[in-house]
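# Results of the structural survey
Spelled out from the first residue to the last, the chains are:
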Amino acid sequence: MIRRVSAVFSLAIALCSPAFVAAQSAGQSGGELHFCLHGEPKTFNPLLVEDGQSETIRYLTGGVLIRLNRQTQALEPGLAVSWKVSEQGRRISFRLRSGLHFSDGTPFISEDVAYTMKALMDPQLHSPTGDSFRSGEGQIAVQTPSADTIVVTFPAPVAGLERLFDQVAILSAHSPKKEMAVLGPFYVADYNPGSYVLLRRNPNYWKKDKDGKPLPYLDSIRLDIQRNHDIEILRFRRGEIHLINSLDADLFDRLQKESPAAAHDAGPSLDSEQLWFNQVPTAALADYKKAWFRSTEFRKAISLAINRADLSRIVYTGHARPAYGPISPANHFWFNSALPAPQYDSAAALRLLARAGFRFDGSTLRDGLGNRVEFTVITSTGNKPREQMVAMIQQDLSQIGIKVNMVTLDFPSLIERITRTYDYEACLLGLTNTDIDPNSQMNVWLSSAENHQWNPRQSKPATAWEAEIDRLMQAQASATSDKKRKADWDRVQQIAAEQQPFIYLINRDAMSAISPAVIGSAPSVLDPHAFWNADVLRLGPDPSLGAQK
């Protein structure tokens, strides 16, 4: 059971963890770690992160007050040496480390945390990270009694408040470099669009190892921009990169046969792949298609007609499980075990469609106006599993007379369509869950949230069930009892299963590739799987890259 923590924490830095002990074995400091991003980073502002590439950079560069250890899933002190949650989760007080500096030499004080929190919660900024803290109406209050003390008070209780700060990278209130001045182990030294992002060792990083040696050990990290996963694994084999954070199942199986020591499956992950339909009222879609996509019966029928077991078996070669909903069964406490298992039943799908006014005309499905049911799914270019899943969904839905087209887009273009222009009909994409707590999904389930993908940034809930989810999410976020939070979150999962705004497809395993040259690696189920402890990673005596020389 997950326990709420509301006491004062004065914990020693967990430098005796297995990952750190491993890093103390034969190895060397310095050198440059190489791996790939699967697209352009959308932003370097850590408060605006909503894509995986930008999240990778935030994780490696951002200094946070509290860090969630990806291996133990325990909270550890970061820029704050201690903290206290009070007033039933409305207030959190921090005592900060003194004498720290940002990467550009600007001193770090409580004023920087105040500046960050005010920016984070500014409704004009539309921060996806800030959405996780929105448990009630009103503004936050920030007090800075001293340079190393800060108190943040929220308008309503925020459940699991301290855990959310793992995602909040502290900005400088005074540095002319703005968000490019950082407190994490690395800073962005160079960015060549379409080619690479170069991170260099932050000389002002505060952590030291048990012998007093400054961390990180690495001099730099080069993140090559490479969208094609086949090319990525080829580069790993050639020794051009050191690791692959998330590996496709077929490539994992191949690598496991060739280089067993380099292939790591940490088990079922919290991540999901899902399909959804565009329900944005202003989208430039035909009115009859908008009516389909808003129909619960239509969405549920599509869900019934997709064979998730085949997706898991064929696309992921058994390294995935059919998905129930927003929470993976691997998240034992928060998963709603009463949810029905996802079904594959094309006959039941046709019965649902018939009740909704659709008719099966020979081998073609038509709506009540006679329009053929046909739509286009967009997904990310170079992501072979997603392309394979769309191809299999095309086959499944053809069995009930629906024609599905596929368009692949580079990641920036895809994000532009689903978050700005809304120029799409359906999308297949994944969500990465960085925490087991439901508050980490506030920016998905609140109707006003940025990542409420089927109809984001609503001024008021478009449907009664979305209004109920808003109420439940805010209620669980302010509850002081895990039992009450669990009941509210169980109901959210039930509504998601009943309404299918996201048609959840699979939960994949956490598979990664790590070169034996990397010392200190400890693959985790939580993302980032392969480099969560980047500050203690080092290259071995033979720093050859990849799985082989």
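Scroll up a little and you will see the structure.
The sections below set out a description of the structure shown in this document. Everything numeric here is computed off the predicted structure, so don't read it as measured data.

## Concerning the side chain of Ser127
Its location among the elements puts Ser127 in the loop between helix H3 (110–120) and helix H4 (128–131). Exposure remark for Ser127: the relative accessible area of 0% places this residue in the buried category. A polar contact of 2.5 Å, which involves the side chain of Ser127, links it to the backbone oxygen of Leu47. Of the polar contacts made by the side chain of Ser127, one reaches the backbone nitrogen of Thr129; its length is 3.3 Å. Not counting residues up to four positions away in its chain, the partners in contact with Ser127 are Leu47, Leu48, Leu120 and Arg134.

## Examining the sheet that holds strand S8 (residues 186–192)
An order of S1-S10-S9-S8 is seen for the four strands of this open sheet, with the pairing classed as mixed. The sheet is open, and its two borders are formed by strand S1 (32–37) and S8, each paired with just one other strand. Neighbour to neighbour, the strand axes of the sheet diverge by 20° on average, direction disregarded. When S1 meets strand S10 (residues 220–225), the two strands line up parallel, connected through six bridges. Bridge pairing in S10 places His34 opposite Arg222.

## Some points on the sheet that holds strand S5 (residues 91–96)
Spatially, four strands are ordered S4-S5-S7-S6 in an open sheet, and the strand pairing comes out antiparallel. Sheet topology places strand S4 (80–86) and strand S6 (141–146) at the edges, where each strand pairs with a single neighbour. For this sheet, the mean angle separating the axes of adjacent strands, direction not counted, is 15°. In the sheet, S5 pairs with strand S7 (residues 149–153) via five bridges, with the strands oriented antiparallel. Directly across from Arg91, in S7, lies its bridge partner Thr153. In this fold H3 packs onto S5, S6 and S7, with an angle of close to 175° to the strand it touches most, S6.

## Description of the pairing of strand S12 (residues 263–277)
The buried fraction of S12 is high, at eleven of 15 residues. Two elements, S12 and strand S19 (residues 502–514), share nine bridges in a ladder whose sense is antiparallel. Bridge assignment links Ser272 to a residue of S19, and that residue is Asn507. Looking at chain direction, S12 and strand S18 (residues 426–431) are connected through six bridges and run antiparallel. Paired with Leu275 across the two strands is Leu428, which belongs to S18.

## Topic: the pairing of S4
A large share of S4 lies buried, amounting to five of its seven residues. As judged from the six bridges shared by S4 and S5, these two strands associate in the antiparallel manner. Note that in S5 the partner of Trp83 across the bridge is Phe94. The turn linking S4 back onto S5 is made up of four residues, and Glu87 within it adopts a positive phi angle of 50°.

## Describing the nonpolar core
Core analysis: the biggest nonpolar cluster contains 54 residues, and Phe298, Ile302, Phe375, Leu397 and Leu505 have the highest contact counts within it. Filtering out sequence-adjacent residues up to four positions away, Ile302 remains in contact with Leu275, Phe277, Phe375, Leu397, Ile402 and Ile503. One finds Leu79, Met117, Ile140 and Ala181 within the second-largest nonpolar core, a separate group that totals 42 residues.

## Some thoughts on the packing of aromatic side chains
Tallied over the full model, the rule gives 26 aromatic pairs. Relative to Phe165, the ring of Phe133 lies with its centre 5.2 Å away and its plane at 70°, an arrangement referred to as edge-to-face. Residue Phe133 is found in the loop between H4 and S6, and its partner Phe165 is found in the loop between helix H5 (161–164) and S8; the two are separated by 32 residues along the sequence. Taken together, the ring pairs in this structure connect Phe277, Tyr288, Trp292, Phe293, Phe298, Phe358 and Phe375 into an aromatic cluster. Between Arg222 and the ring centre of Tyr196, over which it is positioned, the NZ or CZ distance is 4.2 Å. A cation over a ring is seen here: Arg538 above Tyr217, with NZ or CZ 3.8 Å from the ring centre.

The rules behind each value
- Residues numbered from 1 in each chain as written.
- Predicted model: local features only at pLDDT ≥ 70, side-chain atom pairs only at ≥ 80, totals over all residues.
- Heavy atoms only, no water.
- Helix = DSSP H or I, 4+ residues; strand = E, 2+ residues; numbered from the N terminus.
- Buried < 20%, exposed > 50% of the residue type's maximum accessible area, 1.4 Å probe, protein only.
- Polar contact = N/O pair within 3.5 Å; in protein donor to acceptor, adjacent residues only side chain to side chain.
- Contact = heavy atoms within 4.5 Å.
- Pairing = 2+ DSSP bridges.
- Axes fitted to C-alpha atoms, helices over the stretch in contact; angles between N-to-C directions.
- Core = buried A, V, L, I, M, F, W, Y, C linked by side-chain atoms within 4.5 Å.
- Phe/Tyr/Trp six-rings, centres within 6.5 Å; stacked < 30°, edge-to-face > 60°.
- Lys NZ or Arg CZ within 6 Å of the ring centre and 35° of its normal.

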